[in-house]
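Here are the chains, one letter per residue:
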Amino acid sequence: CLLTWHKINRMDQWHTRLFYHPESEDLAFAMLRFSLPLKWDSSNEYQHEVYKLWKAQLDKINQNAPQGVSGAFFAAYTFWWMDTWDSMRSTAYEASIITLSVSAVVVLLASHNIILTFYALFSIAGILMCITATLVGMDWTLGLLEAV
């Protein structure tokens, strides 16, 4: 059915590619390209919405598909970018916790003074909060180079 459709519509390789098993020449898999309403700089929330819609639709298709062809999946460069930003966000939180923990240990070991350690932690946490508040308050975005 897919092969006949492919031949009738004469789809170019940009939109559809069919891959055959090398020994039996049976259709191994097909790659279909679709346009997504996303760009690489779309907001992360919007990318998540589109991802959830595509995933829900494909899960429904796979659930109703016959055995052997129920393993369809999708991938897009935009979703890779979305995953990269999600990873950067989670590691930023982890980095803040590690920064505060390590600085507390270093200041405590160097000064042997718990009050000085508390003031140092308070100062570092205040700096992190001020930077974050400035970014949010001025509606700036944190780019890839700044995050690294």
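Described below are features of the structure shown in this document.

The rules behind each value
Just so you know, the residues in each chain are numbered from 1, in the order the chain's sequence is written. Reporting in this predicted model follows two pLDDT cut-offs: at least 70 for local features of residues, and 80 or more for side-chain atom pairs to be given and counted; totals over whole chains, interfaces and linings ignore these cut-offs and use all residues. The side-chain values count all of the structure's non-hydrogen atoms but skip hydrogen atoms and water molecules. Helix and strand definitions here come from DSSP, where helices need a minimum of 4 consecutive H or I residues and strands a minimum of 2 consecutive E residues; each element is numbered from the N-terminal end. By the convention used here, residues are in contact when the closest approach between their heavy atoms is within 4.5 Å. Each accessible area value is a Shrake-Rupley result obtained with a 1.4 Å probe; residue values ignore everything except the protein chains displayed when judging cover. To pair, rings of Phe, Tyr and Trp, with the six-membered ring standing in for Trp, must have centres within 6.5 Å; the planes then decide the type, stacked if under 30 degrees apart, edge-to-face if over 60, and tilted in the middle. Only protein chains enter the accessibility calculation, which uses a 1.4 Å probe; a residue is then buried when its area is under 20% of its type maximum, exposed when over 50%, and partly exposed in between. By definition here, a salt bridge exists when the distance from a side-chain nitrogen of Lys or Arg to a carboxyl oxygen of Asp or Glu is within 4 Å. The span one expects for a helix is its residue count, reduced by one, times 1.5 Å. Directions pointing from the helix axis toward each C-beta atom define the arc.

Before going further, it helps to spend a moment on the overall build of the chain. A tally of helices and strands in the chain yields five helices and two strands. When the elements of the chain are put in sequence order from the N terminus, they spell out α-β-β-α-α-α-α. Contacts in the chain between residues far apart in sequence, at least 24 positions, make up 35% of those at least 6 positions apart. Carbon and sulfur atoms make up 65% of the accessible area of the chain, which totals about 12200 Å².

Going through the model one piece at a time under the given rule, you end up with seven aromatic pairs. When the centroid spacing of 5.4 Å and the interplanar angle of 50° are considered together, the rings of tyrosine 51 and phenylalanine 74 count as tilted. On the criterion of sequence distance, the pair formed by tyrosine 51 in helix 2 (residues 44–64) and phenylalanine 74 in the loop between helix 2 and helix 3 (77–111) is long-range, its members being 23 residues apart. By relative accessible area, which is 23% here, phenylalanine 74 ends up partly exposed. Ring centres of tyrosine 51 and phenylalanine 79 lie 5.2 Å apart, and the angle between their planes is 75°; on these two criteria the pair is classed as edge-to-face.

Looking now at the pattern of salt bridges. By the definition in use, this model includes one salt bridge. For aspartate 59, the salt bridge goes to lysine 55, with nearest N and O atoms at 3.5 Å. Separated by four residues within a single helix, aspartate 59 and lysine 55 lie in helix 2, roughly one turn from each other. We classify lysine 55 as partly exposed; its relative accessible area is 36%.

If you check helix 2, its first and last C-alpha atoms are 30 Å apart, about what 21 residues at 1.5 Å a residue would give, namely 30 Å. Every buried residue of helix 2 is listed here: Asn44, Gln47, Val50, Leu58 and Asn62. Along the axis of helix 2, the buried positions cluster into a sector of 125°, meaning they face one direction only. Among the exposed residues of helix 2, those pointing more than 90 degrees away from its buried face are Glu45, Lys52, Leu53, Gln63 and Asn64. On its buried side, helix 2 packs onto helix 3.

Attention shifts here to unusual backbone geometry. The phi dihedral of histidine 112 falls on the positive side, at around 55°, and the residue is not glycine. Mapped onto the elements of the fold, histidine 112 is located in the loop between helix 3 and helix 4 (114–137). For histidine 112, a relative accessible area of 68% puts it in the exposed group. In this structure, aspartate 139 takes a positive phi of about 60° despite not being glycine. Relative accessible area serves as the criterion here: at 69%, aspartate 139 is assigned to the exposed category.

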